Amino acid sequence: MATLLSSGIVRMTTTTTTFVLKSAGLFKAKGFGGGSSSLFHPHHRQHMDKRRTLKAVTNSNSFSSSSNTNRAKKKATTSDDVEKRQRMTHMAKVRASFSPSSSSSSTEEKMFTVQHNLESLSDKIFCNRSLPMKSIRSVGFDMDYTLAMYKPETFERLVYTKTIAKLVSHYGYPKEILKSFQFDETYMVRGLVIDKKRGNVLKMDRHNYVKVVVHGFKAVSTEERLMTYCDSSKVGTSFTGNEYQAMDTLFALAEAYLFCQLVEMKDLVMIDEKKKKNKEYEKLTNVSYHQMFDEIRKSVDLCHRDGSLKTEVAKDPAKYIVPDESLKELLTTLKTSGRSVFLLTNSLFDYTNVVMNFLISGKTGEEKNLDWLEYFDSVFVGSMKPNFFTQDNNIIFEVDAKTYMLKNTDSGGPLTPIGGSDIDHVSAPSSSKPGDGENTYDSKVYQGGSYVHLMDSLGISRGSDVLYVGDHIFGDILRSKKTLGWRTMLIVPEMDHELEVLEETREEGVLDELKQLRERRDELDYKLQKIIFEEKRQKEKEKMAKTSEEMKMVEQLEKDFETAKLEHRKKTKEYHERFHWVWGALMKSGYQNSRFAHQVERYACVYTSKVSNMLRYSPEASFRAFSDTMPHDDSSP
Ligand SMILES: Nc1nc2c(ncn2[C@@H]2O[C@H](COP(=O)(O)O)[C@@H](O)[C@H]2O)c(=O)[nH]1
Ligand SMILES: [Mg+2]
C-alpha cells in the first residue's frame, strides 16, 4: 500500500488483505459427529505426520527431509513408528503402481490431455469447470503461498512469535505468554471459522451446518453445539459479519492457534480467584473473547506491515520458503508456448524481489539481481487484491526495479527497501503507461493499479483468455472469476496429505466399508420407522394391542439399528481422524462436503496441490470436468 506522508513523499507500507487466524494442545475433546469425549493424546497425531503444506512440497528434497526430521522427532516417542514405516512403504508401492491410464478419463479425453509423469494423485490437477488451455493467452501467478510455499514449522512459528511479542508490548497481555506458549503448527487447518464472541472455532459442512466446535482446545459437546449453532435466529446462517472470521488463508493459521491458547488461558484465569486479582492477568480478566481476537488480528496485521516478518525472511529465505527447482522450467514452458506470463501479488516490490530471487535463482542478500523479471511480461505488486479485480480507478505506480523508486504519480516517492533507509528523492512523473509499448525491461513492474492496467499491459481484452493461479479463495479466485470471467486455478497444498490418506483408505477398503455401514444403518432406520408407523396406523384403526411377536420384531430392529449406527459412527470418526485428529478431512465434514470444499468447487475452475503440477500436463491440455451428479443419478430402486 502507498501512503502519502506529510512530506509529500509516497512511501510503501505494506499490503492489506483481510485475513484470519488459528491454534493446539493436549486437551479433552469430543470426537466427530458428536461422539463421546476422548482425550486428545499425542498418539493421535500420528495421523498428521504428513500434513498439508509439509507434503505439498515433494518437489523439494531439502524441505521434505527437514520436515521429515521434524516429524520424526515428534513421532520418536510414539510406539507406532514401525507401523508408520510399513504404511509409508505401502503407499510408495501404491504410488508406483498408479498410472494415468488407470484414470477414468475417456479415450477422447486422453487424446486431448497429455498427462506426463503422473505418479500419484497429488501430482494431479482436478477440474471443476472445463478448461481448455488452448483458449488461454495469458497465465498469471500470485506469489505468496502460490509460487512461494512457506514452511509452517518456521514461517507460521515466526508469525506466532512476533504476534505474541506485539500482544505483550502493545496490548498488555501477560508477559508469561512470551515463555509459556508453545506453538503446534499441525493443529489448525484452513476452512474453519472463528466465532469471536464465544471463543470457539467451528468446522462446517457445505450447508453451513456446524459439525465440530472447539472452545479453546476443548471439544464442545453435541448438546451444546446443537443448542448454540442450530438456531439460525441466534447465529444467522452465513457465519459472516463482524462476529465471525473465516480462515481462508494459510497466513491465518498461527493467529487462530494463538486465539485458542488465549481463550483457554482466560478461562483458567477467570476461575482462579488468586490469578483474577493478580495484576499480571488484569488484561485477560477484562478483555472479551471478541476484543482478544481483534487484538490478535491487529498484531498480526502489524507484523505483516512493519517488516517484522519480511525482514526475517529476507535474511534467510531458505529457512522459510520451500525452494522450487521446477519454477523456471514452468515459466519458460508457458512463455515458449506463446502465452504471456504475469505476476500479481499483494506483496510490495522489495519483498517480491527477495522471494522471486530465491525461487528463481536461489540468490539472496547482496547477490540478488533482476534476472527473474525476464520470466514475466508484467509484474504487479502491492496490488490490493481483491479490490484489484473490482475497481478500475486504483492509482498505479511504475516501479523502478533497480532503485525501488515509484514513478507515474504526481508525487511519486521512493520505496524503502527492506533493511534500507528512506531515499530522499522524488522521481519525475513518467508519461508511459502499461501497454503503450514504451515499457522497458525496468518499467514492466507496477505497484497498485487494476485489472484494466494489467490486461492492457498484456494486450488482452477478454477475461476468459486469462488463467490466474492463486491460493486465496477470496483474494485471488472468487472476484477474478466472478467479476472478470478469468479462469482460475486454486493452489491447495493441503491436498497432498488429503489425497494420500484418501488413497490409503481406498486401498484398505475403508471407504467401501463406510459406504456399506451407512447403507445398512439407513436401511434399518427406514425399515424400523416404516414398521412403527404402519403398526401405529393399523392399531389406531383396529384398536388392537401389539402382539408379542410384533413387539419382539420391533425390539430386534431397534437393537440392530442402534448397533449399526454406533459402528458407523465409530468407523467414520476413525476415518476422519486419519486426516486430522481434530478437524478430520479438509474437504469433508461428516459425509458431506466441507464448507471449504464447497467454496473450492464453486470458485476454482481447477485446483491442485502445487504449481509445479502444471508441468505434468501439456500447455495445450484440456482439463475436463466430470459430469455433475445428483443423489438420484447413481441410485438404484
Ligand atoms: N497487512 C497484512 N498483510 C498480510 C496479512 N496476511 C498476509 N499479508 C500479506 O499479503 C501478501 C500476500 O501476497 P500474495 O502474493 O498472496 O498476494 C503478503 O505480503 C503477506 O505478507 C495481514 O493480515 N495483514
Ligand atoms: Mg497468495
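Residues numbered from 1 in each chain as written. Chains lettered and ligands numbered in written order. Predicted model: local features only at pLDDT ≥ 70, side-chain atom pairs only at ≥ 80, totals over all residues. Heavy atoms only, no water.

Participant: Help me out: how do you make sense of the sheet that holds strand S21 (residues 487–491) in this one?
Facilitator: One key point about sheets: their strands pair by backbone hydrogen bonds, in either a parallel or an antiparallel sense. Taken in spatial order, the ten strands of this open sheet run S5-S24-S21-S20-S7-S15-S16-S19-S17-S18, and their pairing is mixed. Single-partner strands in this sheet number two, and they are strand S5 (126–127) and strand S18 (405–407). Pairing between strand S20 (residues 466–470) and S21: four bridges, direction parallel. Among the inter-strand pairings, Val469 is bridged to a residue of S21, identified as Met489. Running at roughly 165° to strand S16 (residues 378–381), helix H18 (residues 451–458) makes contact with strand S7 (138–141), strand S15 (340–344), S16, strand S17 (396–400) and S20 of the sheet. (Pairing = 2+ DSSP bridges. Helix = DSSP H or I, 4+ residues; strand = E, 2+ residues; numbered from the N terminus. Contact = heavy atoms within 4.5 Å. Axes fitted to C-alpha atoms, helices over the stretch in contact; angles between N-to-C directions.)

Participant: Whenever I open this one, the pattern of salt bridges confuses me. Can you help?
Facilitator: Pairing is possible between side chains of opposite charge, provided their charged atoms come close. A full pass over the atoms with the stated rule returns 31 salt bridges. Ionic pairing is found between Lys211 and Asp205, a salt bridge with its closest N-O pair at 3.5 Å. A network of salt bridges, in which partner residues are shared, links Asp123, Asp496, Lys610 and Arg616. (Salt bridge = Lys/Arg side-chain N within 4 Å of Asp/Glu carboxyl O.)

Participant: Help me understand the nonpolar core in this model?
Facilitator: Among soluble globular proteins, nonpolar side chains are generally buried collectively. Core analysis: the largest hydrophobic core is formed by 101 residues, its most contacted members being Phe141, Met188, Leu262, Met356, Trp372 and Met614. Not counting residues within four places of it along the chain, the set of residues in contact with Trp372 comprises Leu343, Phe349, Thr352, Asn353, Met356, Asn357, Ile360 and Val379. Leu478, Met495, Leu499 and Tyr603 belong to the second largest nonpolar core, which has 17 residues in total. (Core = buried A, V, L, I, M, F, W, Y, C linked by side-chain atoms within 4.5 Å. Buried < 20%, exposed > 50% of the residue type's maximum accessible area, 1.4 Å probe, protein only.)

Participant: Hey, could you run me through helix H19 (residues 473–482) in this one?
Facilitator: An α-helical turn contains 3.6 residues, so a residue and the one three or four places further along point in the same direction. In terms of burial, H19 is a largely internal element, seven of the ten residues being buried. Here H19 has its buried residues at Ile473, Gly475, Asp476, Ile477, Leu478, Ser480 and Lys481.

Participant: For this particular structure, what's the right way to read helix H22 (residues 548–577)?
Facilitator: Taking 1.5 Å of rise per residue, the 30 residues of H22 would be expected to cover 44 Å, and the 43 Å separating its terminal C-alpha atoms lies within 8% of that figure. Listing the buried residues of H22 in full gives Val554, Leu557, Phe561, Ala564, Lys565, His568, Thr572, Lys573, Tyr575, His576 and Glu577. (Expected span 1.5 Å × (residues − 1).)

Participant: Teacher, can you tell me more about the coordination of the magnesium ion (ligand 2) here?
Facilitator: Tetrahedral metal sites with four donors have an ideal angle of 109.5 degrees; octahedral sites with six donors have ideal angles of 90 or 180 degrees. Looking at the magnesium ion (ligand 2), the protein donor atoms are Asp142 (OD), Asp144 (O) and Asp471 (OD), and they sit 2.1 to 2.2 Å from it. Within one chain, the residues donating to the magnesium ion (ligand 2) are spaced in sequence as D-x1-D-x326-D. Taken together, the residues Asp142 in the loop between S7 and strand S8 (149–150) and Asp471 in the loop between S20 and H19 connect sequence positions 329 residues apart. In this pair, the class of Asp142 matches that of Asp471, namely buried. (Donors = N, O, S within 2.8 Å, 3.2 Å for Na, K, Ca; no water.)

Participant: Looking at this model, I keep getting lost on the pairing of S16. Mind explaining?
Facilitator: Strand residues, when the strand is regular, have side chains that alternate between the two faces of the sheet. Neither face of S16 is open: one carries Ser378 and Phe380, the other Val379 and Val381, and all of them are buried. When S15 meets S16, the two strands line up parallel, connected through three bridges. Residue pairing for S16: Leu343 is matched across the bridge by Val379. Here S16 pairs with strand S19 (residues 445–448) via three bridges, running parallel. In the strand pairing of S19, Val381 is matched with Gln447.

Participant: Explain the sheet that holds strand S12 (residues 218–219) here, please?
Facilitator: Across the sheet, which stays open at both edges, the five strands sit in the order S12-S11-S10-S9-S13 with antiparallel pairing between neighbours. The open sheet terminates on both sides in strands that have one partner only, identified here as S12 and strand S13 (244–246). Running at roughly 110° to strand S11 (residues 210–215), helix H7 (residues 222–229) makes contact with strand S9 (193–195), strand S10 (200–204) and S11 of the sheet.

Participant: Would you mind showing me how to read the packing of helix H5 (residues 152–171) against helix H13 (residues 308–315) here?
Facilitator: Pairs of packed helices are described in terms of their axes, by the angle between the two and the distance that separates them. Two elements in contact, H5 and H13, have axes separated by 10 Å at closest approach and are oriented at 140°. Considered as vectors, H5 and H13 are oriented oblique to each other. The crossing of H5 and H13 is right-handed. Contacts between H5 and H13 involve Phe155, Leu158, Val159, Lys162 and Lys166 on the former and, on the latter, Ser308, Leu309, Glu312 and Val313. (Parallel < 35°, antiparallel > 145°, perpendicular 65-115°, else oblique. Left-handed = near helix turned anticlockwise from the far one by under 90°.)

Participant: Help me understand the state of the cysteines in this model?
Facilitator: This model, assessed by the stated rule, comprises zero disulfides. Cys127 takes part in no disulfide bond, and the closest cysteine sulfur, belonging to Cys605, lies 7.8 Å away. (Disulfide = S-S within 2.5 Å.)

Participant: Honestly, the confidence of the model for the protein in this entry has me stumped. Any pointers?
Facilitator: Parts of the prediction with low pLDDT should not have their coordinates interpreted in detail. Taken over all residues, the pLDDT of the protein has a mean of 79, while the share at 70 or more is 74%. Within the model, pLDDT remains below 50 along residues 410–414, and this stretch shows 20 contacts once partners closer than five positions in the same chain are excluded. Confidence drops under pLDDT 50 across residues 421–443; counting only partners more than four residues distant or on other chains, this segment forms 49 contacts. Across the interfaces of the predicted complex, the ipTM metric reaches 0.99, alongside a pTM of 0.77. (pLDDT = per-residue confidence, 0-100.)

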